[in-house]
Each structure stands twice: as structure tokens, then as C-alpha cells.
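# Structure assessment
Chain by chain, the residues run as shown.
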Amino acid sequence: MVACFWLDGIGIACERSRLPHLAEQPIALAGEDDLLRAVSSEARAYGVRPGQAIVFAKSLCQGLIVLPYDLAAYTDSAEAVWDGVASESGVVEPLSPELVYAWMTGTDIPQRLQTLALSLADRSKTEVRAGLGRSKLVARQAARSRWAAEGVVVAGAGAREEALIAPVALAALAVLPAKVRARALRIGVGTLGDVMGLPPAEIDRQFKECGALLRRLAAGDDGDPVKAIWPPKGIEQAIAFDDEVGDEHLLHQALEICAHKIAARLSLERTYCRTLALTVCLEGGESIAGQEPLASPARDSIVLERASRRLLGRLMVDRPVLGITLKASRLTSGASAQLALLSEDENGLTYEQREKLTATLAHLKGKFGIAAVTPGRLLRRAQRIHLWTYRLGQVKNEPVEVVTDPSGAPVRIYRAAIGGRPSVTPVCYEVRWIQNSWREADWLRGELSEMMCYRVLTEPDGLYELHHRGTNWRLCAVYD
Amino acid sequence: MATKGGLTATTPRKDLFDGIQMVGKAVSTRTTLPILTHVLIKKDAETGKISITGTDLNMWIEHTLPTAANAALGGLGVGGAATAPARNLTELLSAMPEANVELHAEGSDGPSYALHLRCNKANYKLLGLAPDEFPPVPQLRADTTFKVKRSDLREAVKQTLFAVSADESRPILTGILLSYSAGILRTVATDTHRLAVREIETIDGNGPDTHGVAPSSAMSEILRMASGDDGFVTVTICDNQIQFRVDDEKTGAGTTLITRLIEGQFPSYERVIPQAWDKRLTIEREALLQAIRRAAIVAREGSANRVILRSSKEDGEDTLTITAQSGNIGDALEQIEIARDADEPDVEIAFNAKYLIDVLSVLDCAGLYLELTESLRPGVVRPTESTDYFCVLMPMQVV
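### A short note on the environment of B:M225
All names here are of chain B. Tracing the backbone through its elements, the reader meets M225 in helix α5 (residues 216-225). Exposure remark for M225: the relative accessible area of 5% places this residue in the buried category. Linking M225 and T256, residues 31 residues apart in sequence, is a C-alpha distance of 8.8 Å. Those residues in contact with M225 that sit more than four places away from it in its chain are M22, F244, V246, T255 and L257.

Okay, structure coming up:
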């Protein structure tokens, strides 16, 4: 049987655990397309629903707080749920933080599922709806049905299963070709229930070669088995010490051996790892663990060793160690980026653009005098006077996304680019403490422009200076 | 300037067809000026030589028919010119039997501009335009002139043309830099991911050191023009144009290609040429090429053409292992023997298979050096037998 777990509130719960002041506030999570992906029950009371545009949702609920959908953060918290599911089933397929399938075998499946759902709800601090069916399609409909709030819905064959899948819109079935969906709409067949009402011969006549697929879907068979993709495959290397070890040098040696062996395995299997995890078994049987996402896929023993040393330093081991386990996970063959010989300069200008700019500046200087042309960065530097605070080492000018509290102070920073390189997913920094804030004014295109400046301490550790002007936030300096 | 008199000539079909084909590459196919879709056929009154010209206003190609063909012409001493649509004329001549073709055109006083062709019993009349409308071939001021061996120029163009950029947003990179200095002609091309440089010797140099970027379309024509191993190509470079002149002393035929140089400053490529290496692999070119070609079949899907080269010692022998992976197709693993210094460390570096195939295909040496420093730093491919060519390749980064 296929079990489906539906956690549509996990994003909201995750945000509320990070920002406690959002409790009982109407909040919604929006994707980059400005459409809502999840809404809290408080927002639902105003008629706000997932799929609505932000502007429309705000017209329904004036006080709606819209946060960016943070896939990486929600996936992190959903991993605990997936681990819980994996403890009951060997075949677990998470599709998103909100949706996970598992293949269940054995006896008393509904009872076991009920217990599991309750324990997952407790662990994730959100409602977990569970459904059982003979396919993913049926199990998902069971989990999303209104009865699921009261317990596990078991979609047995027959009328109950038909009732569950009948409202499924054909437009929502990506497995159907677009032309079939369009044709179905033209002849007034909008749902699987409509398909069930048609004689099989008529379905074949109307949809030709896709008729069989449509009949199969209407019978609840989606032909998509649950895949075993969780927990992800990894390469693990462990060393158990004969005696308790407290010497850091010995631990480093052990890490080096593990890193070397893992690198050899990765090389042999021609894969790279994206994450490295270290578990340290301490005196007394207690274990502490940490993991680090690598900046780029790696299989080099030196890179792995350095990362493992960083992890060890972060774990702050204060007792003798009995053993260590190093695990390389999120194995991948890696995507590729072609490096360039004649790349753009630090200002993003190609060689030709730089030449043209130089020629233009020379022309302007010749026409209006050397003093008439001053680089913008010199002007900016000239206007910044640090009278009462020290200057941060790295000067930057980087647009960032910032989540604020009701008073407008920053609580979380999302950086899309680190070190000048765009990051695949924005890196999130939680603001631990606002060290200082002040208002500043400067000349912008001939006008006096005011902005709010914050100097904040963040988690992961960092000291940043943020400037807020209008709706734009910029990261202007970093302590190095 | 085209003469106003009519044209009367007889010439072997093959010579005329070859000439039309030679200039055809310069003929514009999509233009608002109808005359640019035509070729100009001109007969010099004094020498009796027949020449055919085509242009798209960026490139001119003028081909003079062989002396034998000129000698066979009727009506020597009567100069004249005519134009005809290049496409129709090419198709017609390709379908005509192997015999003499009689050309006849009325002068500008005639009722219309038309070229009459007669071959055996076939008679055709192709409507043309006034020869006077045809853009004249530019007369270059000979700033710098030198000669290069045909085979050398052909090889230099072949060994750099593959690295020319197709990115129209950076026009300067869509051509080959021809840099003449101290009797040496250097051809350079780059698309910012690779850089190919070849040096050839010149003779009879005249004029100051100079350089210019010639469009790749014109340079690929040079490959056809400079066929054959004997003889020289005369190169003339002036402010904004370059001329290549190929003369066949045996037949008396000759072809001149004039093209505009691409405006702009070619990037200072010297700064990206690695000055040192710490790992140098000596590899048999053909074996590497075949291995990369096979691995590329796997690499082209899903991994952006990435092949990973790893040098190591396998069973006591220095080996280069080439691997490629694709989620859809599978894995590739090739091993070839290499030579390297005993104390050289192993190296692993990823390259775009296409870039490797491109450079290995244009070399005709038996062995090559692959000079490397780090896995994210550029590598250099050099033939073992000569020092006048190298290609810098940027690696791929696994992300």
C-alpha cells in the first residue's frame, strides 16, 4: 500500500519557530512568481488561499504578512519527518517539504500509520494528514480529503476510492499530454469523475492512444511506483578508538584517514559529494553530530579533510572521544560550468565595454577637464564619515532580501550571491542582535536621499551593515 | 569601373563554373540591393583576360580565369562587362555539358541588360542589371605587404578558425587576429573559453608592423583559395581592409579576396597565456582524439560535454584515464598511455570534450604536450614537434 503524508503547514510552522512573534498572525508564504504557496489558518479565515496573487491576498487581509518561500529551510525541517517515515518503511520518496510517499507492507498498516502520523505531527509541530491507497494518486487524494483531519483515510477499492479521486481535475494531471487535457476540456470532461461516467469505447474513440492511460487513471492506477530516495545514499567511514582520545592531533589524523578513504571511494564510483557529516562518539556513550554543505561538489581528499576539521572545530568537543564517523552524502555526478579565459572584470564589464568606457572617460576629461570626471566609488567613500563607529573591513554593495519584524528591523537576511558568485539557493542569516542602527543621508542623482542603517550580528557568525532605502535593502559592509 | 561595351567571349564550362563558385561565397543572398545578388563578368580590352567578381560590400572576391581559358576567348581586344544573377548562373553552369560556353551581352545601349549563354545547342538568356551599378573593387593603399606560403597560411587559419567566437554581441571575437611583426605573421582566435595561436614565417615583407581582425567568413574562404602546396599568398593590410592575392603561375588564374577588418580592440590575450606549468603530459594525439570522441558520446547528454582527465600510475605505467558520465546514457572510461616526469603529481581536470576534439582534430602531429597547473587553471595543448602553435583551454568546474 502507498502511504501519503501531507504537511501543508510545515512552512508556516518553520517560520513561526524562527520568528515567534508571528504566532497567531495571518501569514502566507509566496514563491518567486508572487503566488501564495502556503497560508496560515488565521489568513484562511479572511479567505486567503494558496495560489492567490500577493496583491489579491492583501486586499482580502490587510494585515497579511507575506514571507518568501524558503525551500531550503523547510526541507531542512522536513528531513526529520522523512527520517521518521523511513523508520517505518524502507521505501520513502519525499517530493517536497509538504508531501512524502512511503511504501508500506505488513499487518495493521492503518494503525501503524495513525501512530506514525501522530508522532510526526508532534515532531514537526504541524498537522500531518495521512492517507492510504493502492497508488500515489489515490493515497494523495485520501490524505488531502476532509476526513484526513480526523485520522488516517484508507481508500479501499470501490465506492470510497471513486469518491476520493472523482474530483481530481484532468488539468492537474501532469502525466496527461497537454493536447489530451485541452481536448477533454473542449468536450466537457474536466475531472476523473467525468471520465468514469464515459463508456470505455467512447474514451478510446475520443482520446485515441491516450484513452487507455485515461481509463487507467480513472481506475486509480497512476503507474508511478514509490521510489526509494530517502535516506540519500552516502559513503560512511568510521574509526573506533581502542582508548579514549582527547588529543586533537590524533583526531585530525583519524579525520585524514577517513577523508582519504571516502575520497578514494568517491573517485572509484566517479561521484562527488555535496554534504559532509561528522558524528563524534563521546565518553559516556553520548554522540554529537554536525554537517556541512560543501561550497561545490568535491571528491578531493584535501577538501574533505579540511571540511571535516572545520566540522570538528564547530562541534566543540570537550570530553574524550571514543570514535568518529565521517559521512559523505548527497552524492552527485555534478553539473558543469565552463570557465572563461577573458572574463568580465570586477565591475561586470567585458574587455570591449571597458575599452569603450575608458575612451569615453578620456573624451570627457579632454573636453571638460580632468577634475570633471570622478569615479562614483570615490564620491561614495568621500561622503561616508565614521565619527562614532568603526569602519567594517569589506565594503560591499550587494542587494539582499530582508525579512523584518513589525517595527521594520531586520530579522533575517537572504544573500543571493556570496563572494561575487551567484548561489543556487539564497543563503539565510538569522539576525541575533542589532548592534546599532542610525539614519544616514547622502546625495543621490542630485537629491538628498535618506536611508536607515543597521549593524547586525548574525547566525552563522557575521557582522554586517545593512542599508534600507525605500523598499531596497543592500548589504554594504562585512566585518572580516 | 565596368566598361560600357558589350561582352563577347567563349570559355570552357569548367573554368567558368569554377570561377563563379569561387566568387559565389562573397555574393549576398539576402540584401535590399539587387545588384549584390549578381556577379560581374568583365573582359579587359587590353589583356583579354576575363574576371568574375562577387561582393556583399564587406567582402569582395575577384577571380581571373586561367590563361588557357582566356586564350580560347573569341573577340580579343573587345572589352566589356555584364552582370548575371549568381544563383541562376551557378545552377545553369552546373547542369551544362562539358563544352565551351559562349557568352554574349549587349552594351548599355541595348534594350535590356541580359547575358546570353550558348553551350552546344542550348541557348539561355539571363536577365541582369547594369554593370555600372556593380560596386567597384576597393583599391587598397599598400601599407604593409608580405607573402606567406599557401600551405602555411592554410594551416594557420585551420588551426585557429575553430576557436573563433560565434557570439555576435562581441564582434571583435568573431574574427581572427592577424598580427604581422618582424617578419612573423601570428594568427590568434579566441571565444573566451579557448585561445589558439599560430605563428608562420613570411617573405618579401614591406611596410611597418601591423595587425587587424579579419572576419571568420573571409578566413574560411582563404582555406579554399589557398589550396595546393606550391606558391604564395600575397597579403596586404591597410587601415580597415585586408587583401589576400593568390596567383597560379602555371595556369595564369588568380583570385583576390578583400575584406573589411572588424573594428575594435582585440583583447590583450597575452595576459591569459600560462607562463609556466608544473605537470606536463606527453600524449599520442590520435589515441587521445579517438578516446575523447568515444567518451564524448556519453558526455554530450546531461553533463554539458564534460570529460574528466586524470593522470595516475596504473600497474607501474603512467596512464591518462578519461571518464564521462551521463545519467541518461551511462558511464565512459578510457585509458591511454602517457609519458611524464617521474616526480610529477597526479592531476585531475575536466574539459569540454568538444573543445578538446576541435584542437586535436586540427593538429597533424603524432604527439602533443598537455601542460597543466591546477584543476581550475587553464591547460595548454602544444604539438611535440614544433613550437609555433599552442592552444589554451579553460577547464570546466564541477558545480
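After presenting the structure, the write-up continues.
### Side note on helix α4 (residues 150-161) of chain B
In this model, α4(B) (12 residues) spans 16 Å end to end at C-alpha, consistent with the 16 Å of a helix rising 1.5 Å per residue. Buried within α4(B) are the following residues: B:R150, B:L153, B:A156, B:V157, B:Q159 and B:T160.

### Here's the deal with the sheet that holds strand β13 (residues 203-206) of chain B
Residue and element names in this part refer to chain B. Taken in spatial order, the 9 strands of this open sheet run β5-β2-β3-β4-β17-β16-β15-β9-β13, and their pairing is antiparallel. For this open sheet the edge positions go to β5 (80-85) and β13, each flanked by a neighbour on one side alone. Averaged over neighbouring strand pairs, the angle between their axes works out to 15 degrees when direction is ignored. Bridge analysis of strand β9 (residues 144-149) against β13 gives 2 bridges, and the strand direction is antiparallel. Bridge pairing links T145 to N206 in β13. Against the sheet, α4 touches β9, β15 (232-237) and β16 (241-247), its axis set at about 95 degrees to β9.

### Some thoughts on the pattern of salt bridges
Where side chains of opposite charge bring their charged atoms close, a pairing between them can arise. This structure, assessed with the given rule, holds 51 salt bridges over all chains. A salt bridge links A:R319 to A:D318; the nearest nitrogen and oxygen atoms lie 3.8 Å apart. Judged by relative accessible area, which is 30%, A:R319 ranks as partly exposed. Assessed through its relative accessible area of 64%, A:D318 is described here as exposed. Between B:R13 and B:E98 there is a salt bridge, and its shortest N-O distance comes to 3.1 Å. Here B:R13 is found in helix α1 (residues 13-24), whereas its partner B:E98 is found in the loop between α3 (86-95) and β6 (100-105), with 85 residues between them in sequence.

### Considerations on the packing of helix α4 (residues 71-86) of chain A against helix α5 (residues 109-124) of chain A
Residues and elements named next belong to chain A. The geometry of α4 relative to α5 is characterised by a closest axis approach of 10 Å and an angle of 160 degrees between their N-to-C directions. For the element pair α4 / α5, the angle class is roughly antiparallel. Along this stretch, α4 crosses α5, giving a crossing that reads as right-handed. Where α4 approaches α5, its residues A80, V81, G84 and V85 are matched on the opposing element by L116, L120, R123 and S124.

Cut-offs applied
Residues numbered from 1 in each chain as written. Chains lettered and ligands numbered in written order. Predicted model: local features only at pLDDT ≥ 70, side-chain atom pairs only at ≥ 80, totals over all residues. Heavy atoms only, no water. Helix = DSSP H or I, 4+ residues; strand = E, 2+ residues; numbered from the N terminus. Buried < 20%, exposed > 50% of the residue type's maximum accessible area, 1.4 Å probe, protein only. Contact = heavy atoms within 4.5 Å. Expected span 1.5 Å × (residues − 1). Pairing = 2+ DSSP bridges. Axes fitted to C-alpha atoms, helices over the stretch in contact; angles between N-to-C directions. Salt bridge = Lys/Arg side-chain N within 4 Å of Asp/Glu carboxyl O. Parallel < 35°, antiparallel > 145°, perpendicular 65-115°, else oblique. Left-handed = near helix turned anticlockwise from the far one by under 90°.

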